[in-house]
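What the coordinates show
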Amino acid sequence: MKNLLFTLLSFFVITITQAQILDPVKWKTSIEQKSDTEFLLKFDATIQKDWHFFSQFTPDGGSLPTVFIYNDTKGNYQLIGKTTESKYKKVYSEIFEVDEYMFEGSAQFSQLVKVTNPTLKSIKVEVEYQACLEQCIQQFKNFEFQLPGKENVVETIDSVEVNVNAEKNISSKELKTEIYKETKKEEQKGLWTIFIIAFFSGFAALLTPCVFPMIPMTVSFFTKQSKDRAKGIKNAIIYGISIIVIYVALGSAITGIFGADSLNELSTSVAFNVIFFGLLVFFAASFLGAFEIVLPNSWANKVDRQADRGGIIGIFFMALALAIVSFSCTGPIVGTLIVEAASKGGIAPIVGMLGFSSAIALPFMLFALFPGWMNSLPKSGGWLNTVKVSLGFLELAFAFKFLSNADLVLQLHWFERETFLAIWIAVFGAWALYLFGKITLPHDSPLTHISVGRLFMGLFVLSFTIYMIPGLWGAPLKIISGFPPPLNYSESPTGIGSGGGGSSDSGALPKGAHSGPHGIIAFHDYEDGLAYAKQINKPILLDFTGYACVNCRKMEDYVWSDKKILSILKNEVVLISLYVDDKKELAENEKYVSKETGKKIKTIGNKWSDFQITKYKANAQPYYLILDTDGNTLSDEPASYDPDIDLYEKWLRNGIDKFKK
């Protein structure tokens, strides 16, 4: 079981994928004839799990409302009253600071019309709405109701994600189908990745001094105190299920408090990142032996008294007692999982706690079913503290990712790539020395030799430490892509020597330009980039991004670094990267109130976010478009996060070829 820690380490360097969904709302329409001239148009929306869209009546200043457009310019019919809708959910938006009215799961709309032209064969209706999860997608749907008829379900014309010239663009169905298939794969991977990481984190918690010794004690209690073996097995299974219920309830509470769809907004909050940096350092210090994190003894005593009641309730309180007593070991792991899952939004905290608790509960149930297996369990000893200390080093390293996020968002350049890597090299180097027995900590047992398993673990950690060292001189370090700051956010953004990962061969930079990822000339101001594109007559790659956007960094590290993609970005397009989380204040005369959202635009990030919402009706990052030199959209579809290099090249070529025609 000690070897399970190897697997845990592999998963700790995985970045959780945020799925991009092209069409999260499915529509069905029907028409009901009320009289010879009156018809009721019905719209039934089925909303994908965790997504939502907004009421027609959601207050101004928040997200975009749903709008029904009845295309009748010749007076063929009259609307009787307004479009009615089913009951919505009222949620306060921390972003827009207003109440928003939204639909989740499903929504129904209806409109009564009176036909004035007896030769009219159909009624066309256009619906515009904004569907949101971790991103918001503005969509148009076109419906056609055939007259006369009852309960005629009609097909929806393919939706097109909105851009500035959406009405002029014809979708490339082949390209859209490929994109949809790839994004569906990413959707499936996201929550599974969270579950797997949490599951192996649960196994790591199982191998700590607070939990591991409880396995034989608890299983023996159920098998010896029960009247027969079947009863003992039943009680152990109830005990395991109770553990899962307790931790899943914690994940559900977190989701309920913050809101399923707004949790991911925390990932770019400076306060969130700084607070959790301090929290994870606190957890790490506890694991390393500085102090124990314990819940009040009175809690454990009260729960123990309830456990004496027997029956299912007593077993549940035994499980709760385990959660409380083992908190000094499990608390930091649970806290880290909650922090990471919460920043992903949706039901991620619930899925994370399900994975974690399943790993904790599984041994209790299995050993109750097969008591003989307990003879194969290793004895408790100093190795349990080694596991705990190792988790402390991981917590400490992970904490600096949150501090890095805060620095990136504020663009302070206090915590650049070299500084981050130097700290990680020191942390993992110290961990390797600890595993080799060169460093001892307060709760370590005397060490006369190291086991083979500990030696292999030490070699693994040392190898990873050595791998990171070239990153100080510009190596891309793709294995940990998304964790350290990007290559261009460093003391030497153009690299050191000829091998620097961020070296630029572009010579003197144009006015207003910066050296971007991999030495690509990039503009951070739309007007500057547009002017340069006109000057050299090249199409524009418009990149809506964020300093704390992990998927943006992964696209840059994995896709943009490819030779054929990099050649296109350096030689065939003008890159304009607009950072929607840039916290720099605008000059007083540049501040304004958004006509689209009603929100006061105070920072550069606010400005570009409002620009994306207003002009392209979306606010997801990364979000890519190909434009001509007048700012008109050339790409049939926007592109988002997708690590498929060939598909991204095809998308780029599609837009560039249109520019050349």
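Structure's up top.
Before going into details, it helps to say that this report is about the structure given with it. (Residues numbered from 1 in each chain as written. Predicted model: local features only at pLDDT ≥ 70, side-chain atom pairs only at ≥ 80, totals over all residues. Heavy atoms only, no water.)

Okay, the pairing of strand 4 (residues 67-70) next. Regular strands have side chains that alternate between both faces of the sheet. The alternating pattern of strand 4 places F68 and Y70 on a buried face and V67 and I69 on a face that is not buried. As paired strands, strand 4 and strand 9 (residues 122-132) are joined by four bridges and run antiparallel to one another. Across the sheet, the residue bridging to I69 is E126, located in strand 9. (Buried < 20%, exposed > 50% of the residue type's maximum accessible area, 1.4 Å probe, protein only. Helix = DSSP H or I, 4+ residues; strand = E, 2+ residues; numbered from the N terminus. Pairing = 2+ DSSP bridges.)

With that settled, consider the sheet that holds strand 5 (residues 77-85). Taking strand neighbours across the sheet as the criterion, the four strands line up as 1-2-8-5 in an open arrangement whose pairing is antiparallel. Two strands lie at the open edges of the sheet, namely strand 1 (25-33) and strand 5, each paired on one side alone. Direction aside, neighbouring strands of the sheet carry axes that sit 20 degrees apart on average. (Axes fitted to C-alpha atoms, helices over the stretch in contact; angles between N-to-C directions.)

Quick look at the pairing of strand 14 (residues 540-545) now. Counted residue by residue, strand 14 has six buried out of six residues, so it is predominantly covered. Burial of strand 14 is two-sided: the residues I540, L542 and F544 facing one way and the residues L541, D543 and T545 facing the other way are all buried. Sheet topology note: the strand 14/strand 15 (residues 574-579) ladder contains six bridges and is parallel. Bridge pairing in strand 15 places L542 opposite I576.

Bringing the side chain of T603 into the picture now. Examined against the element boundaries, T603 turns out to sit in the loop between strand 17 (600-601) and helix 16 (604-616). A polar contact of 3.4 Å, which involves the side chain of T603, links it to the backbone oxygen of D582. Ignoring sequence-local partners within four residues, the contact set of T603 consists of D582, K583, K584, E585 and L586. (Polar contact = N/O pair within 3.5 Å; in protein donor to acceptor, adjacent residues only side chain to side chain. Contact = heavy atoms within 4.5 Å.)

Phi at D50 is positive, roughly 80 degrees, even though this residue is not glycine. With respect to the secondary-structure elements, D50 resides in the loop between strand 2 (38-47) and strand 3 (52-54). Residue classification places D50 among the partly exposed positions, given a relative accessible area of 21%. The backbone of H413 sits at a positive phi, close to 60 degrees, despite the residue not being glycine. Relative to the helices and strands, H413 is located in the loop between helix 10 (382-410) and helix 11 (417-435). A residue is classified by how much of its surface remains accessible, and H413, at 36% relative accessible area, is partly exposed.

Time to look at the pattern of salt bridges. The tally for this structure, following the rule as stated, stands at twelve salt bridges. We note a salt bridge from K89 to E104, for which the minimum N-O separation is 3.4 Å. Taken together, the residues K89 in strand 6 (residues 89-93) and E104 in strand 7 (residues 98-104) connect sequence positions 15 residues apart. Given the relative accessible area of 41%, K89 is considered partly exposed. Relative accessible area serves as the criterion here: at 37%, E104 is assigned to the partly exposed category. With its nearest N and O atoms 3.7 Å apart, the salt bridge here joins D99 to K90. (Salt bridge = Lys/Arg side-chain N within 4 Å of Asp/Glu carboxyl O.)

Moving on, we get to the nonpolar core. By size, the foremost hydrophobic cluster in this structure holds 76 residues, and its most contacted members are I215, I243, F356, F364, W424, F428 and W431. It is helix 10 that provides the largest number of residues to this core, a total of twelve residues. With residues near it in sequence (within four places) discarded, F356 still touches A198, F199, S201, G202, A205, Y247, T330, I333, V334 and L337. (Core = buried A, V, L, I, M, F, W, Y, C linked by side-chain atoms within 4.5 Å.)

Moving on, we come to the packing of helix 5 (residues 270-288) against helix 10. Where helix 5 meets helix 10, the closest approach of the two axes is 8 Å, and the angle between their N-to-C directions is 165 degrees. Viewed along their axes, helix 5 and helix 10 adopt a mutual orientation that is roughly antiparallel. The two elements helix 5 and helix 10 cross, and the hand of that crossing is left-handed. (Parallel < 35°, antiparallel > 145°, perpendicular 65-115°, else oblique. Left-handed = near helix turned anticlockwise from the far one by under 90°.)

Okay, the sheet that holds strand 15 next. One open sheet holds the five strands; their spatial order is 12-13-15-14-18, and the pairing between them is mixed. Pairing within the sheet leaves two strands with one partner each, and these edge strands are strand 12 (513-515) and strand 18 (623-627). Each strand of the sheet is rotated relative to its neighbour by a mean of 35 degrees, with strand direction disregarded. Across three bridges, the pairing between strand 12 and strand 13 (residues 521-523) is antiparallel. Across the sheet, the residue bridging to A513 is F523, located in strand 13. Sitting on the sheet, helix 17 (residues 645-660) touches strand 14 and strand 18, and the angle it makes with strand 18 is about 30 degrees.

Take helix 9 (residues 348-369) next. An α-helical segment advances 3.6 residues per turn. Residues three or four places apart therefore align on the same side. Compared with an ideal rise of 1.5 Å per residue, which puts 22 residues at 32 Å, helix 9 spans 31 Å between its outermost C-alpha atoms and is within 8% of the ideal. Considering bend angle alone, the principal kink of helix 9 is centred on A361 and spans about 30 degrees; proline P363 follows within four residues of it. Taken across its 22 residues, helix 9 has 17 buried, putting it largely inside the fold. (Expected span 1.5 Å × (residues − 1). Bend = angle between axes of the 7 residues up to and from the residue.)

Right, let's get into the packing of aromatic side chains. Evaluated as defined, the whole model comprises 44 aromatic pairs. Each ring, one from F544 and one from Y616, has its centre 5.8 Å from the other, and the planes form 65 degrees; the classification is edge-to-face. Here the residue F544 occupies a position in strand 14, and Y616 occupies one in helix 16, the gap between them amounting to 72 residues. By the burial criterion, F544 is buried, and Y616 matches it. The aromatic ring of Y434 is capped on one face by R454, whose charged end is 5.0 Å from the ring centroid. (Phe/Tyr/Trp six-rings, centres within 6.5 Å; stacked < 30°, edge-to-face > 60°. Lys NZ or Arg CZ within 6 Å of the ring centre and 35° of its normal.)

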